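One-letter residues, chain by chain:
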2 protein chains.
Amino acid sequence: MYKTKTISIAFKQHNHNACWGNAMQAAQEYCDKHKLKFTPARRKVLELLLSEHRALGAYKILDLLREAGFKSQPPVAYRALEFLVENGFAHKIERLNAFVACTLHGTEHSPTFMICRQCENVAETYSPASNLNLSESAEASGFKIEQTIIEARGVCNSCAKTEIL
Amino acid sequence: MYKTKTISIAFKQHNHNACWGNAMQAAQEYCDKHKLKFTPARRKVLELLLSEHRALGAYKILDLLREAGFKSQPPVAYRALEFLVENGFAHKIERLNAFVACTLHGTEHSPTFMICRQCENVAETYSPASNLNLSESAEASGFKIEQTIIEARGVCNSCAKTEIL
DNA sequence: TATTATTACGTTATAATATTGCAATAGGAG
DNA sequence: CTCCTATTGCAATATTATAACGTAATAATA
């Protein structure tokens, strides 16, 4: 499952083994440092999310947990996801009612997601300019932004190339 | 139900009767012009959405439809909502799994929503700058945006004033 | 170590949101 | 009128998410 050396992430080629390993290690270190319990279920869910750069629904995760020998009632998945999201290891993609592993952990961020409608990969980007812009115009019109969700749907370059026009 | 002369919209005072009436009339005219069937259920759902500047869930709408003597199976609401969204009369707020009437109909737009966590009003704004920004940076990183969802959660000024600090 | 508080887990049940499929019907185009 | 298509009625079901509550594990304090 984790053998592929290089797949598309954020629509770029990269060494996914390294990507996966670094993220898991960073999560472990962060949990150690902050006295968070990186329990088997939480770890497994993060591993699953990291296995591809796609969003997985809670019930898909539940299936995969079951296959891996974990208990499989909905709360098992939702609790693990809640932990991962709260601590910045994963994000919920509202449009898809699904979850992706965070690829920018550690940096305080307000991410923008690019969702390819064809390959369904999800890339996380950090766009300070857009966020600042938004905050300023909101402020001007009498609204104080506390959190922003930005999700873009479209096609990545490699999928665009294969499209029938 | 529609008697209040002036309520908060987009966190601004306005004549809501006029707001409501204009929107309904514009919808009617648009449907006439484009040969769209503005059926009783569709009309009623738009009326409900326009009654306040808040997002209503599909099942809330269903309750209100029932009260108004309509049939009340889920597809009744979902079909009407689908029609309204497709034709730009309403938008789905993904964060809330709920729907709001569009306040910028006619203008081709990619809206940004400001959701007050206290009064729950939802304001729709048009932010060409942010969208352009986003498109450009996406383009640069090899992604072609087709649709963008921007939803900000926060507090409006009048709610902020009443908050205990 | 014993006691208490807190956090996480196991389990059952149910709530909330959304869709599918198919038959019946209404309205417009020819 | 007749055909065609869009819409509606209806039943069932799929998908996503949470509530409630007892037990087990861990941490904090005495």
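These numbers were taken from a predicted model, which means no experiment stands behind them.

Reading guide: rules and limits
Residues numbered from 1 in each chain as written. Chains lettered and ligands numbered in written order. Predicted model: local features only at pLDDT ≥ 70, side-chain atom pairs only at ≥ 80, totals over all residues. Heavy atoms only, no water. Helix = DSSP H or I, 4+ residues; strand = E, 2+ residues; numbered from the N terminus. Buried < 20%, exposed > 50% of the residue type's maximum accessible area, 1.4 Å probe, protein only. Areas by Shrake-Rupley, 256 points an atom, 1.4 Å probe, with all protein chains shown as cover. Near = heavy atom within 4 Å. Polar contact = N/O pair within 3.5 Å; in protein donor to acceptor, adjacent residues only side chain to side chain. Nonpolar A, V, L, I, M, F, W, Y, C, P; charged D, E, K, R; others polar. Contact = heavy atoms within 4.5 Å. Buried area = accessible area lost by both parts, 1.4 Å probe. Salt bridge = Lys/Arg side-chain N within 4 Å of Asp/Glu carboxyl O.

On to the overall build of chain A. Helix and strand counts for chain A stand at six helices and seven strands. Its helices and strands taken in sequence order, chain A reads β-β-α-α-α-α-β-β-β-β-α-β-α from the N to the C terminus. Sorting the 165 residues of chain A into buried and exposed places 44% on the buried side. Summed over all atoms, the accessible surface of chain A reaches about 8900 Å², with 52% contributed by carbon and sulfur.

All right, on to the protein's contact with DNA strand D then. Neighbouring DNA strand D are 14 residues; Y59 and K92 of chain A together with T39, R42 and R79 of chain B lie closest to it. Protein-adjacent atoms of DNA strand D, using a 4 Å cutoff, are sugar or phosphate at a proportion of 46%. Side-chain polar atom of K71 of chain B to a phosphate oxygen of DNA strand D: 3.4 Å apart, as the coordinates give it. Elements with a contribution of two residues or more to the surface near DNA strand D: α4 (74–86) of chain A together with α4 (74–86) of chain B. In terms of residues, the surface near DNA strand D owes the most to one element, α4 of chain A, which gives four residues. Here the surface near DNA strand D is composed, by residue class, of five nonpolar, two polar and seven charged.

Moving on: the interface of chain A and chain B. Of the residues lining the interface, 31 residues belong to chain A; the matching set on chain B comes to 31 residues. Between chain A and chain B, roughly 2700 Å² of surface is buried when both sides are summed, and carbon and sulfur atoms account for 54% of that area. For chain A, the biggest contributors to the area lost against chain B are F143, E146 and I149 of chain A; these three give 21% of the whole. Between chain A and chain B we count two salt bridges in total.

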